[in-house]
Amino acid sequence: MKKTNSSKIFQELVKKTSYKDKDYTKLISLTNMTFFLGAGFSKSWDLKYPNGQELFSLDREDMSDDFTDFLLSIGYSDLKSIGFNEFKEIAYQISMQKKYPSLRRRYIDEYNLQIIENEICSIITKRFNKLIPLNYIENASKKLELEKSPNQNQKNIVSFFSWLESHTTGDTDQIPEGLRINFITTNYDFLIESILDETLGSDDTHLIYAYRGFTPKSTNKAKTPTTIHRHWLVQNLIKLNGGFEIFGSDEKGFNVDYTNKTARELNRNAPILILPNREQDYTGKYFQTIFPKAVRTLQETKILVIVGYSIPDEDALIRLLLRQFAEENVDGTEKVIFFIDLMNEDEQIQKLESVFPYHNMARRRYNIIPFKGTFNDWINEIMAINSNV
């Protein structure tokens, strides 16, 4: 297959859909662009961000007494460590016992399952912070802050999103225009929110503009900045697997809280995390709430950019979600998919064709534009093009 000039095509597409340098007396149609981010996106910022294998392989020191008691009760006797595959089996046993009460062991009930699941989410939060500390919001600040001494790759990532942000502001009588950037991510961390806060400047925050697929009861222990978003200002930021800042409320609903928690606070109320599982369990209230919003975001998206997510076969529901971008052959004729990954371009095409079976190379139903390389490679090419324009 002939190599595509992905970065050049993307740069031209942004220019075409932007409100900039257009006739301000005419309405510029809204174009939704959605970034679908996996673990590889966070690793493009810092290699210390863990993938699933690294995060869910637990050492003995990670495990609490309640968790080890549960492991002993289901037959695990060697507790020196838990590997990723073992973790998925344990999560599977918990989800099946939640789903089918008749399968519960003698001394397992709805309530100690809730306790154990909360305990595991607390363990994973602490383990993540051990691998790379989260950039929690400090008490004196209302914004997420990035590294004080960023390296060149990190500066380039911020510059890339700042450049995109510069093409998204445009309205006529509060009607949305030009380019709009949305995010759907499988990651738990705060990285994309931190980058957005950096691009908005010192006196603004993504918390005002980002719709999470749910409206939190509170944000950082205070009143949520807005309960009803205005369409001409909002962008979607949806975390499919939950996040370290998402907590169940004492009432029905969820809270968003980016402030640091003590170990005791985490043990009492851990963040909502959808854990990897032999048979992925998406039956919880959080996922049921945000899933329809993720579907609608993808259906309304014209440009999809997949970064750091390899579309594994076992992620059956996520693959079905991605297909909502272009459910049938007619849906994708005016849409574009950019796929940035280390696999070669032919493999990328095959991966996408397995999700979008109406596409094939002969008919070119969809505009699929692969890029073999890292996200850093891709944006560096784009920023180089911009500097020469």
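Residues numbered from 1 in each chain as written. Predicted model: local features only at pLDDT ≥ 70, side-chain atom pairs only at ≥ 80, totals over all residues. Heavy atoms only, no water.

Undergrad: I tried to follow the packing of aromatic side chains on my own but got confused; where do I start?
TA: Any two aromatic rings considered together are summarised by their centre-to-centre distance and by the angle between their planes. Per the stated rule, a full pass over the model turns up 32 aromatic pairs. With a centroid separation of 6.4 Å and 55° between ring planes, the pair formed by Phe10 and Trp163 is classed as tilted. On the criterion of sequence distance, the pair formed by Phe10 in helix α1 (residues 6-17) and Trp163 in helix α7 (residues 152-165) is long-range, its members being 153 residues apart. Across this residue pair, the class does not change: Phe10 and Trp163 are buried. Plain terms: the ring middles of Phe161 and Phe375 are 6.3 Å apart, the flat faces sit at 35° to each other, and that makes the pair tilted. Of the two residues, Phe161 is situated in helix α7 and Phe375 in helix α13 (residues 375-388); the sequence distance between them amounts to 214 residues. When sorted by exposure, Phe161 lands in the same class as Phe375, which is buried. Grouped by ring-pair contacts, the aromatic residues Phe10, Phe35, Phe41, Phe160, Phe161, Trp163, Phe183, Phe338, Phe375 and Trp378 constitute a single cluster. (Phe/Tyr/Trp six-rings, centres within 6.5 Å; stacked < 30°, edge-to-face > 60°. Helix = DSSP H or I, 4+ residues; strand = E, 2+ residues; numbered from the N terminus. Buried < 20%, exposed > 50% of the residue type's maximum accessible area, 1.4 Å probe, protein only.)

Undergrad: It is not clear to me how helix α5 (residues 84-99) should be interpreted in this structure. Could you clarify?
TA: Along an α-helix, a turn takes 3.6 residues, which lines up residues three or four apart on a common side. With 16 residues, α5 should cover 22 Å at 1.5 Å per step; its first-to-last C-alpha distance of 22 Å lies within 8% of that length. Restricting attention to buried positions, one finds in α5 the residues Phe84, Phe87, Lys88, Ile90, Ala91, Tyr92, Gln93, Ile94, Ser95, Met96 and Gln97. In this structure, the buried residues of α5 make contact with α3 (52-55), β2 (58-59), α4 (65-73), β3 (81-82) and α6 (110-131). (Expected span 1.5 Å × (residues − 1). Contact = heavy atoms within 4.5 Å.)

Undergrad: Whenever I open this one, the nonpolar core confuses me. Can you help?
TA: Soluble globular proteins tend to bury their nonpolar side chains together. One finds Phe10, Phe35, Ile124, Phe160, Phe161 and Trp378 to be the most contacted residues of the largest nonpolar core, which totals 108 residues. Excluding its chain neighbours within four sequence positions, the residues that come into contact with Ile124 are Leu55, Phe56, Leu58, Phe87, Tyr188, Phe244, Leu273 and Leu275. (Core = buried A, V, L, I, M, F, W, Y, C linked by side-chain atoms within 4.5 Å.)

Undergrad: What am I meant to see in the side chain of Arg180 here?
TA: Along the chain, the position of Arg180 falls in strand β6 (residues 179-185). It is Glu300 that comes nearest to the buried, bridge-free Arg180 among opposite-charge side chains, at 6.5 Å. Within the local environment of Arg180, its side chain forms a polar contact with the backbone oxygen of His231, the two atoms lying 2.2 Å apart. Beyond its immediate chain neighbours, meaning those up to four positions away, Arg180 contacts Leu30, Thr31, Asn32, Met33, Thr168, His231, Trp232, Leu233 and Val234. (Lys, Arg positive; Asp, Glu negative; His and termini not counted. Salt bridge = Lys/Arg side-chain N within 4 Å of Asp/Glu carboxyl O. Polar contact = N/O pair within 3.5 Å; in protein donor to acceptor, adjacent residues only side chain to side chain.)

Bear in mind that shape data such as this cannot, by itself, settle questions of function.
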